[in-house]
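Spelled out, the chains give:
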Amino acid sequence: MNVIRRHELIMALLASREVTVQELSERLNVTGKTIREDLAKLEEKGLLLRIHGGAVLAQSDQLGILSQQEPLVRHAPEKTEIAELALQYIELGDIIALDGGSTTLEIAKKLPNQSLTVITNDVHIIAELSRKDAIQLVVPGGYRVRNMLAGAEAEAYIRKLNIKKAFLSATGVHPEFGFTIYTGDLTAFKRALLETSQSSYVVVDHHKFGQGALFTFADFQDITTIITDAGIAADTAEQYRQAGANLAIYERMK
């Protein structure tokens, strides 16, 4: 097993609980020395914290697409703001893509039952939109990764479509690493959405700025706009604008 795959599996286990060196050594069939080296490298990236005999996730609220159950309701007010702002970019008759994630799920919940075509790989979004009969729902093939569909089949299908607007999720937004996620299984699908759509939007709450994960799927120049909530600090927003990002920030009523 190569080092990247080991790191991905380690992060997947950390998403649900603390792990020990012994457990990782047995699961991944490598020596304890190799595991300790892996943990040291992941700690250098700010992804985990080493403790006696094992490790824990560095940011317990940044599980992102690793959640294996119903999407967590962390930062629900921020997700609501982002969804409301995202709706302003969606027009009657649009062909849009909703990437998997709890924030894109919130967009799906707020979508009116009107003439739209929605492409999605998220089983929770599929369940939500199946109740809205005016929306034409398009689901790619592929295999299931947690609550999302991925793989070469899904990617190839997306590249055949004419998507007007794509809304993507991310685990972290970092000035150096760009838009990142924890699992490499979904990077190709996200790239297909970006390269196929006329315009693309990453929907992330302000807590994810400055965070990084294992895999980068896009840089700032690849994205039309980052849509975020009103909680982002003015100096943080300016930092990312200086780095080349275009930000749309929700404005609360005063």
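Here the structure is shown first, and the text comes after it.
Residues numbered from 1 in each chain as written. Predicted model: local features only at pLDDT ≥ 70, side-chain atom pairs only at ≥ 80, totals over all residues. Heavy atoms only, no water.

**Student:** Break down the packing of aromatic side chains for me, citing the residues and quoting the values.
**Tutor:** Throughout the structure, instances matching the rule amount to six aromatic pairs. Ring geometry for Phe167 and Tyr201: centres 5.0 Å apart, planes at 20 degrees, overall stacked. You can see Phe167 sitting in strand β9 (residues 165–168) and its partner Tyr201 sitting in strand β12 (residues 199–203), a full 34 residues away along the chain. Just as Phe167 is buried, Tyr201 falls in that class too. On the numbers, 5.0 Å between centres and 80 degrees between planes, the contact of Phe209 with Tyr240 is edge-to-face. (Phe/Tyr/Trp six-rings, centres within 6.5 Å; stacked < 30°, edge-to-face > 60°. Helix = DSSP H or I, 4+ residues; strand = E, 2+ residues; numbered from the N terminus. Buried < 20%, exposed > 50% of the residue type's maximum accessible area, 1.4 Å probe, protein only.)

**Student:** An account of the sheet that holds strand β14 (residues 225–228) is needed here, citing residue identities and associated values.
**Tutor:** What holds strands together in a sheet is hydrogen bonding between their backbones, with the strands either parallel or antiparallel. Strand order in the open sheet formed by seven strands is β6-β5-β4-β9-β12-β14-β15, and the pairing between neighbours is parallel. Two strands lie at the open edges of the sheet, namely β6 (135–138) and β15 (247–249), each paired on one side alone. Strand-to-strand twist in this sheet, taken as the mean axis angle between neighbours without regard to direction, amounts to 25 degrees. Of the pairings in the sheet, the one linking β12 to β14 comprises three bridges and is parallel in character. When the sheet's bridge partners are listed, Tyr201 is paired in β14 with Thr225. (Pairing = 2+ DSSP bridges. Axes fitted to C-alpha atoms, helices over the stretch in contact; angles between N-to-C directions.)

**Student:** Please set out the packing of helix α4 (residues 76–87) against helix α5 (residues 102–110) residue by residue, giving values where relevant.
**Tutor:** Their axes nearest at 9 Å, the elements α4 and α5 cross at an angle of 55 degrees. Relative to α5, the element α4 lies oblique. Every pair of crossing elements has a handedness; the one defined by α4 and α5 is right-handed. Note on element contacts: α5 touches α4 through Ser102, Thr103, Glu106, Ile107 and Lys110, opposite Lys79, Thr80, Ile82, Ala83, Glu84, Ala86 and Leu87. Considered class by class, the residues forming the contact of α4 with α5 number five nonpolar, three polar and four charged. (Parallel < 35°, antiparallel > 145°, perpendicular 65-115°, else oblique. Left-handed = near helix turned anticlockwise from the far one by under 90°. Contact = heavy atoms within 4.5 Å. Nonpolar A, V, L, I, M, F, W, Y, C, P; charged D, E, K, R; others polar.)

**Student:** A description of the sheet that holds strand β2 (residues 48–51) should follow, citing residues and the corresponding values.
**Tutor:** Here three strands make up an open sheet; going across it, the order is β1-β3-β2 and the pairing antiparallel. The open sheet is flanked by β1 (19–20) and β2, the only strands paired with a single partner. The pairing of β1 with strand β3 (residues 54–57) spans two bridges and is antiparallel. Bridge assignment links Val19 to a residue of β3, and that residue is Ala55.

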